[in-house]
Amino acid sequence: MPILNKDEIAAAVGTVIGVSDWTEISQDQINTFADVTDDHQFIHIDPERAASETPFGGTIAHGFLTLSMLSSMAAGTTIVIDGIVMGINYGFEKVRFLTPVRAGKRVRGRFTLADAVERNPGQWMLKYEVMVEIEGEDKPALMAQWLTLQILG
């Protein structure tokens, strides 16, 4: 995890900050997410039916499951500003789901710092361009513009 002081942030804008480790999206994870979100569409939870009735060849992860994995992908990968007291997920400017993630596939996040603005003294808004890659696939699972706010002490 890159730790930068306030003077180093501007130089990091436009660069790939980090790439997370690969993590598998298992059928058990997908089933648990379906239970938590009450989204039990067969394309996510019924491997036999998804294999015979969809072009995916089996079940796929919910797009929101893949999106929610960004938090764990960002840990240890994205910037921490020296003196941080807390970080806040501020939301997304844009999210696009490009390729379904099949159960059992591995994904990872690639984080590029797109912008960094000190909104108020000691409050930094960071914007990341995030690509979630699928191992062995040409197209990413998703692209997003993610906003985080870091509060310095």
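Okay, so let's go over this structure. Values in this document were obtained by computation on a predicted structure and should not be read as measured data.

**A short note on helix H2 (residues 27–37)**
And then number 1: Along H2, the residues that are buried comprise Gln27, Ile30, Phe33 and Ala34. The arc that holds the buried residues of H2, viewed along the axis, is 120 degrees, so those residues lie on one side. Relative to its buried face, H2 has exposed residues pointing more than 90 degrees away, namely Asp28, Asp35 and Val36.
And then number 2: The elements touched by buried residues of H2 are helix H3 (42–45), helix H4 (47–53) and helix H5 (63–68).

**Quick look at the environment of alanine 50**
And then number 1: With respect to the helices and strands, the residue alanine 50 is situated in helix H4.
And then number 2: Classification of alanine 50 by relative accessible area gives buried; the value is 0%.
And then number 3: Considering only alpha carbons, one finds alanine 50 and isoleucine 60, ten residues apart in sequence, at a separation of 8.4 Å.
And then number 4: Setting aside chain neighbours within four positions, we find alanine 50 in contact with Phe42, Ile43, Gly57, Gly58 and Thr59.

**A short note on the packing of aromatic side chains**
And then number 1: The final tally for this structure, using the stated rule, is four aromatic pairs.
And then number 2: Between phenylalanine 92 and tryptophan 146 the ring centres are 5.8 Å apart and the planes differ by 10 degrees, which places this aromatic pair in the stacked class. Here tryptophan 146 lies in strand S8 (residues 142–152) and phenylalanine 92 lies in strand S5 (residues 84–97), a separation of 54 residues in the sequence.
And then number 3: The class of tryptophan 146 is buried, set by a relative accessible area of 6%.
And then number 4: Measuring from ring centre to ring centre gives 6.2 Å for phenylalanine 111 and tyrosine 128, while their planes differ by 90 degrees; the resulting arrangement is edge-to-face. You can see phenylalanine 111 sitting in strand S6 (residues 106–120) and its partner tyrosine 128 sitting in strand S7 (residues 123–134), a full 17 residues away along the chain.
And then number 5: Among the residues examined, tyrosine 128 registers a relative accessible area of 2% and is labelled buried.
And then number 6: In this structure an aromatic cluster arises from ring pairing among Phe92, Phe111, Tyr128 and Trp146.
And then number 7: When the ring centre of phenylalanine 42 is taken as reference, the NZ or CZ atom of arginine 49 above it lies at 3.8 Å.

Rules used in this analysis
Residues numbered from 1 in each chain as written. Predicted model: local features only at pLDDT ≥ 70, side-chain atom pairs only at ≥ 80, totals over all residues. Heavy atoms only, no water. Buried < 20%, exposed > 50% of the residue type's maximum accessible area, 1.4 Å probe, protein only. Helix = DSSP H or I, 4+ residues; strand = E, 2+ residues; numbered from the N terminus. Arc of directions from axis to C-beta. Contact = heavy atoms within 4.5 Å. Phe/Tyr/Trp six-rings, centres within 6.5 Å; stacked < 30°, edge-to-face > 60°. Lys NZ or Arg CZ within 6 Å of the ring centre and 35° of its normal.

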